[in-house]
Amino acid sequence: MTEKPIDAAASAGPEARPQGPVRFPVVLEGQPALVTGANSGIGRAVALGLAASGADVVVNYVVDPQAADDVAHQVEALGRKAIAIKADVSNEEDVQSMFSSAIGHFGTLHIAVNNAGLQRDAPFHEMTLQQWNKVIGVNLTGQFLCAREAIREFKRRGVVKNVSAAAGKLVCMSSVHQEIPWAGHENYAASKGGVMQMMRSLAQEVAPLAIRVNGIAPGAIRTPINRPAWETKEAYDSLMTLVPYRRIGEPNDVAQAVAWLVSDAADYVVGTTLFIDGGMMLFPGFASGG
Ligand code: BGC
């Protein structure tokens, strides 16, 4: 087994205690993967991590085609094939046409990562229906639409011997907020709670077909979605009161977990959520209180 490190140092910031070396064992050869929202943040790291692990990658995006092309070129620089496809995950036609182009291009898909997500925050009494619908549309309905196409393809193709023990692997990107209530972010927390129950119910339905469905719940990861929470020293220090491990997560912390979860090393992991959160779920306020 060979291992390839990718840009660990590039993502570690001045305040952060550095993460260990970033490694992706090459165990996903012959398993094309589709990653939604792959042009930035966690999705970008996941796309590159899967490529470093041996997969060809569909780089989905909805805005910023240049960033998606850059990710596709980086996938190619890792020696894998890539195609960037624009699709709004909350739009049924877009999603169906993306999956049919992706499958047409690579022959099939073995891995799908439902990553695309966004926040539209507001105090509850000021939250508009548009803010509510946008977040539910992308974060929850978008995951439904992409999951449905992925499952159809996994079911059609079944297990391929010597490629993977499973007929397909679906990862639903959730959040610690599938569990932790979040004032001022009710639309987001509701979407992630919904993702968890969709993921678990779907996992139960398709496990007998050898399809593995799991969730990943990141905590505070250094990406554009939560920039105000880490870009100043004051914000970073305050964020750290919520993180027992006392460093912000880097996108590669999540990417390495995804690469493992979709590999046969995790073949008996079905319908679970893996928290990648530096201990955010441990109720850190109780370390000295209660
Ligand atoms: C949110 C981030 C937040 C983190 C921890 C994530 O799901 O998108 O904005 O920093 O949860 O609260």
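Residues numbered from 1 in each chain as written. Predicted model: local features only at pLDDT ≥ 70, side-chain atom pairs only at ≥ 80, totals over all residues. Heavy atoms only, no water.

Caption draft 1: Representation of the overall build of the protein within the structure. Of the regular secondary structure elements, the protein holds eight helices and nine strands. Taken against the 2.2 N^0.38 rule, which gives 19 Å for 290 residues, the C-alpha radius of gyration of the protein at 18 Å falls within 12% of a compact globule. Dimensions along the principal axes, computed over C-alpha positions, put the protein at roughly 55 × 45 × 40 Å. Per-residue burial for the protein yields a buried fraction of 54% across its 290 residues. For the protein, the accessible area works out to roughly 13200 Å², and carbon and sulfur atoms hold 55% of it. (Helix = DSSP H or I, 4+ residues; strand = E, 2+ residues; numbered from the N terminus. Rg over C-alpha atoms; globule rule 2.2 N^0.38 Å. Buried < 20%, exposed > 50% of the residue type's maximum accessible area, 1.4 Å probe, protein only. Areas by Shrake-Rupley, 256 points an atom, 1.4 Å probe, with all protein chains shown as cover.)

Caption draft 2: Examining the layout of surface pockets more closely. Computed from the structure, the largest pocket encloses a volume of approximately 1300 Å³. Gly 117, Gln 119, Tyr 188, Thr 223 and Ile 225 are, among the 48 residues lining the largest pocket, the residues nearest its centre. Where the lining of the largest pocket is concerned, the elements lending two or more residues are α2 (41-52), β4 (57-61), α5 (129-157) and α6 (186-206). (1 Å grid on protein atoms, 1.4 Å probe; cavity = no way out; pocket = protein on both sides within 12 Å on 5 of 7 lines; lining within 4 Å. Points joined across faces, edges and corners; volume = space filled by probe spheres on them.)

Caption draft 3: Quick peek at the site of the ligand. Taken together, the neighbourhood of the ligand is formed by Gln 119, Ser 175, His 177, Trp 182, Tyr 188, Gly 219, Ala 220, Ile 225, Asn 226 and Met 280. Here an oxygen atom of the ligand and a side-chain polar atom of Gln 119 are 2.6 Å apart. Between an oxygen atom of the ligand and a side-chain N or O atom of Asn 226, the distance comes to 3.3 Å. Burial of the ligand by the surrounding chains reaches 90%, relative to a free accessible area of 310 Å². With respect to the detected pockets, the ligand is housed in the largest pocket. Considered class by class, the residues forming the shell around the ligand number five nonpolar, five polar and no charged. (Near = heavy atom within 4 Å. Polar contact = N/O pair within 3.5 Å; in protein donor to acceptor, adjacent residues only side chain to side chain. Sits in = over half its atoms within 2 Å of the grid points. Nonpolar A, V, L, I, M, F, W, Y, C, P; charged D, E, K, R; others polar.)

Caption draft 4: Structural view of the pairing of β4. A large share of β4 lies buried, amounting to five of its five residues. Residues Val 57, Val 59 and Tyr 61 point to one face of β4 and Val 58 and Asn 60 to the other, with burial holding for every one of them. With three bridges connecting them, strand β3 (residues 33-35) and β4 associate as parallel partners. The residue bridging Leu 34 from the neighbouring strand is Val 58, located in β4. The parallel pair β3 and β4, bridged by α2, forms a crossover whose chirality is right-handed. Both β4 and strand β5 (residues 82-86) contribute to a ladder of five bridges, which runs parallel. Each bridged residue has a counterpart across the sheet, and for Val 57 the counterpart in β5 is Ala 82. Read from β4 through helix α3 (residues 65-77) to β5, the crossover connection turns out right-handed. (Pairing = 2+ DSSP bridges. Right-handed = clockwise from strand over helix to strand, strands pointing away.)

Caption draft 5: Representation of the nonpolar core in the model. With 39 residues, the main nonpolar core has Val 46, Leu 50, Val 113, Ile 216 and Val 258 as its most contacted residues. Listing elements by their share of this core, those giving two or more residues are β3, α2, β4, α3, β6 (111-114), β7 (168-173) and α8 (251-261). The dominant element in this core, judged by the number of residues it contributes, is α2, at eight residues. Residues Phe 99, Ala 102, Ile 103 and Ala 116 belong to the second largest nonpolar core, which totals 36 residues. (Core = buried A, V, L, I, M, F, W, Y, C linked by side-chain atoms within 4.5 Å.)

Worth remembering: the numbers are spatial, not functional.
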